[in-house]
Amino acid sequence: MSTIYIKDGKELLEIGFPEVRKYHGNIALMAVAVGFRSLQAAFKELYGEDAPQRKEISILSGHGGPGFRDAFEFVTRAVTRGAYTVDVNYPQAQHDPHRAQGYAYVISSTDGKSVEVSLRDGFLPLAFYDYLKKGREGTMTEQDTETFTEMKLSLCNRALELSQDELLTVKRIS
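This structure is a prediction, so every number in the text was calculated from the model and none was measured.

Undergrad: Help me understand the side chain of E116, please; the structure alone is not making it clear to me.
TA: With respect to the helices, strands and loops of the structure, E116 is situated in strand β6 (residues 114-119). An unpaired buried charge is present at E116: no salt bridge exists, and K171, the closest side chain of opposite charge, is 4.1 Å distant. Of the polar contacts made by the side chain of E116, one reaches the side chain of Y90; its length is 2.4 Å. Beyond its immediate chain neighbours, meaning those up to four positions away, E116 contacts Y90, Q92, Y105, V106, T169, V170, K171 and I173.

Given below as structure tokens:
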């Protein structure tokens with residue numbers, strides 16, 4: 001199982017996906033997995049084999065949902081520290097045909113280094129966005145809810161299995 005290493009003061013933390021999933025629960029499993037993988041990709045680009053300090057990380061998320069927020073919070077504590085911002089109009093990875101909601105994340109360090117990590121177009125099927133819309137509108141049937149729950153679990157597993165390049169685009173900003 002893949003892990004993320006991050007420092008909290010002098011302590012080196014080893015965080016695995018199962019821990020993040022337990023923290024979040026089962027609401028937005030796809031987002032938790034993509035958020036986790038996005039942090040792995042960002043840390044690799046920014047720090048190589050070194051583990052960053054939690055207190056040095058800030059995040060701009062193009063997505064306001066709880067799965068991404070919880071993945072980022074559990075690993076970096078950015079939400080608690082006030083170093084987490086959501087901008088659903090962030091222009092990259094605007095894949096949802098029904099509303100502004102970006103699937104791109106800018107992870108930055110206090111030394112000025114930044115990387116943009118975005119979910120590849122096509123990872124999420126159109127039906128995923130349609131179910132989200134039905135949920136917002138309150139028109140989900142019991143069958144829709146069951147199918148969407150299964151879809152989110154399947155997408156979670158797929159996000160964890162795909163190679164980084166198949167799942168994400170990583171672009172160094174500074």
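From this point, the narrative continues.
Undergrad: Looking at this structure, I do not really get helix α2 (residues 29-47). What am I missing?
TA: Helical geometry note: an α-helix holds 3.6 residues per turn, so side chains three or four residues apart project in the same direction. The terminal C-alpha atoms of α2, which comprises 19 residues, lie 27 Å apart, in line with the 27 Å expected from a rise of 1.5 Å per residue. By the criterion of burial, α2 is predominantly enclosed, with 17 of the 19 residues buried. In the segment just after α2, G48 is the residue with positive phi, at about 65 degrees.

Undergrad: Sorry if this is basic, but what is going on with the nonpolar core here?
TA: It is characteristic of soluble globular proteins that their nonpolar side chains tend to be buried jointly. Ranked by size, the top nonpolar core spans 52 residues in total, and within it Y103, I107 and F123 carry the most contacts. With 13 residues, the single largest contributor to this core is α2. The contacts of F123, once residues within four sequence positions are left out, are M30, V34, L155, R158, A159, L162 and L167.

Undergrad: Could you clarify how one ought to interpret the packing of aromatic side chains in this entry?
TA: To describe a pair of aromatic rings, you give the distance between the ring centres and the angle between the ring planes. Evaluated as defined, the whole model comprises twelve aromatic pairs. Arranged with centres 5.6 Å apart and planes meeting at 75 degrees, the rings of F17 and F36 form a pair that is edge-to-face. Within this pair, whereas F17 is found in helix α1 (residues 17-24), its partner F36 is found in helix α2, the two being separated by 19 residues in sequence. Measuring from centroid to centroid gives 6.2 Å for Y103 and Y129, while their planes differ by 75 degrees, and the two rings are edge-to-face. Pair noted here: Y103 is in the loop between β4 (84-86) and β5 (104-109) and Y129 is in helix α5 (residues 126-137), with a separation of 26 residues, a long-range link.

Undergrad: Help me understand the pairing of strand β3 (residues 57-61), please; the structure alone is not making it clear to me.
TA: The side chains of a regular strand alternate between both faces of the sheet. Residues I57, I59 and S61 line the buried face of β3, whereas the alternating positions S58 and L60 sit on a face that is not buried. As judged from the five bridges shared by β3 and β5, these two strands associate in the antiparallel manner. For I57, the partnering residue across the bridge sits in β5 and is S109.

Rules behind the numbers
- Residues numbered from 1 in each chain as written.
- Predicted model: local features only at pLDDT ≥ 70, side-chain atom pairs only at ≥ 80, totals over all residues.
- Heavy atoms only, no water.
- Helix = DSSP H or I, 4+ residues; strand = E, 2+ residues; numbered from the N terminus.
- Buried < 20%, exposed > 50% of the residue type's maximum accessible area, 1.4 Å probe, protein only.
- Lys, Arg positive; Asp, Glu negative; His and termini not counted.
- Salt bridge = Lys/Arg side-chain N within 4 Å of Asp/Glu carboxyl O.
- Polar contact = N/O pair within 3.5 Å; in protein donor to acceptor, adjacent residues only side chain to side chain.
- Contact = heavy atoms within 4.5 Å.
- Expected span 1.5 Å × (residues − 1).
- Core = buried A, V, L, I, M, F, W, Y, C linked by side-chain atoms within 4.5 Å.
- Phe/Tyr/Trp six-rings, centres within 6.5 Å; stacked < 30°, edge-to-face > 60°.
- Pairing = 2+ DSSP bridges.

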